[in-house]
Structure formats: C-alpha cells, structure tokens
Amino acid sequence: MRGFPAGIWLILTLSLQLVDLEATKKNPLNEPDVPFPPAQPTAENLWKQALHQFCAEEYGTMTTAYDCCGMKGDARWACFNEDVSNPDYEPTPGYTAPAVPLDLLFIFTTQSC
C-alpha cells in the first residue's frame, strides 16, 4: 500500500481484528450463556455463580487452574460436589474460630439482601 502510512494501516488492521474477535467471542469455560445473577437466586444458583467466578479467576492467573475448572457443564458441578471436605458443615474437632470484632457501623436490613 504505497502512500498509506504504516501506522494508520496497523491501527485499522488491529481495529478490524478486535471487532471480529468480539463478534465471534465464545465463553472460554464452555458454560451455558445464563445471566448472572439468576432471576430467582437459590443457594444452588449462587453456589454455581461463585464457582463460575472462581474458575474464571483461576484461568486468569499464571498458575495451573483447579482440576474441576477444566470440566464442562454438569461434570464441573459434580466434581466440586465430590471434592468437598466437609459437605454437611459438621464442626471440626479441635478448632475454635477466632472472635469476630463487633462492627458498630454495620446495620443489617432485609432490603440490602
């Protein structure tokens, strides 16, 4: 392209590639395209949302992602369910939780949930 500045050509090429990438961008985790948060939040939906965010952040680091994050769909949720160390939330023998300081500025309201 004679007479056309190389810088402008580069900017146009990159812009077109970015537009093309956005148009064909797919979910890298191969999960259903479900809006978060769900319309009616349930404990299960909120748990899946938290795990979805966890896996997204796992893939955003330079370390190896958690094994369950590499699975898709129901297999992922089953993996997380099977890998639970205390599924019934039974007290851990010999563990005493640290005292939580009282926060005088916190006011609980049902409207904020």
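Residues numbered from 1 in each chain as written. Predicted model: local features only at pLDDT ≥ 70, side-chain atom pairs only at ≥ 80, totals over all residues. Heavy atoms only, no water.

Where charged atoms from two side chains of opposite charge come close, those side chains can pair. One pass over the full model with this rule turns up 1 salt bridge. As a salt-bridge pair, Lys48 and Glu44 come within 3.3 Å of each other at their nearest N and O atoms. With Lys48 and Glu44 both in helix α2 (residues 43-59) and 4 residues apart, the pair spans about one turn of that helix. For Lys48, a relative accessible area of 22% gives the class partly exposed. (Salt bridge = Lys/Arg side-chain N within 4 Å of Asp/Glu carboxyl O. Helix = DSSP H or I, 4+ residues; strand = E, 2+ residues; numbered from the N terminus. Buried < 20%, exposed > 50% of the residue type's maximum accessible area, 1.4 Å probe, protein only.)

The subject of this paragraph is the nonpolar core. Listed in full, the 7 residues of the largest apolar core are Leu51, Cys55, Cys68, Cys69, Trp77, Cys79 and Phe80. Among the secondary structure elements, those contributing two or more residues to this core are α2 and α3 (73-82). Looking at which element gives the most residues to this core, the answer is α3, with 3 residues. (Core = buried A, V, L, I, M, F, W, Y, C linked by side-chain atoms within 4.5 Å.)

What follows covers unusual backbone geometry. A negative phi angle is the norm for most residues apart from glycine, just as the trans form is the norm for most peptide bonds. One non-glycine residue with positive phi stands out, namely Tyr89, at about 55°. Inspection of the secondary structure assignment puts Tyr89 in the segment after α3.

Right, let's get into α2. Between its terminal C-alpha atoms α2 stretches 24 Å, which fits the 24 Å expected from 17 residues at 1.5 Å a residue. Looking at α2, one finds that the buried residues are Leu51, His52, Cys55 and Glu58. Buried residues of α2, seen end-on, are gathered within an arc of 125° and therefore sit on one face of the element. Looking at the packing, one finds that the buried side of α2 touches α3. (Expected span 1.5 Å × (residues − 1). Arc of directions from axis to C-beta. Contact = heavy atoms within 4.5 Å.)

Quick look at α3 now. Listed as buried for α3 are Arg76, Trp77, Cys79 and Phe80. In a view along the axis of α3, the buried residues occupy a sector of 155°, so they form one face of it. Every exposed residue of α3 that faces more than 90 degrees away from the buried side is listed here: Asp74, Asn81 and Glu82. Buried residues along α3 sit against α2.

Another point: the packing of aromatic side chains. Under the counting rule described, the total for this entry stands at 3 aromatic pairs. Between Phe54 and Phe80, the aromatic rings sit 6.3 Å apart at their centres with planes inclined by 75°, giving edge-to-face as the arrangement. Here Phe54, found in helix α2, pairs with Phe80, found in helix α3; they are 26 residues apart in sequence, far enough to count as distant. A relative accessible area of 8% places Phe80 in the buried class. (Phe/Tyr/Trp six-rings, centres within 6.5 Å; stacked < 30°, edge-to-face > 60°.)

Our focus in this paragraph is the confidence of the model for the protein. Averaged over every residue, the pLDDT of the protein is 74; residues scoring 70 or more account for 64%. Ranking the elements of the protein by mean pLDDT puts helix α1 (residues 6-24) last, at 55, and α3 first, at 89. The low-confidence segment residues 19-24 (pLDDT under 50) makes 0 contacts with residues lying over four places distant or belonging to another chain. (pLDDT = per-residue confidence, 0-100.)

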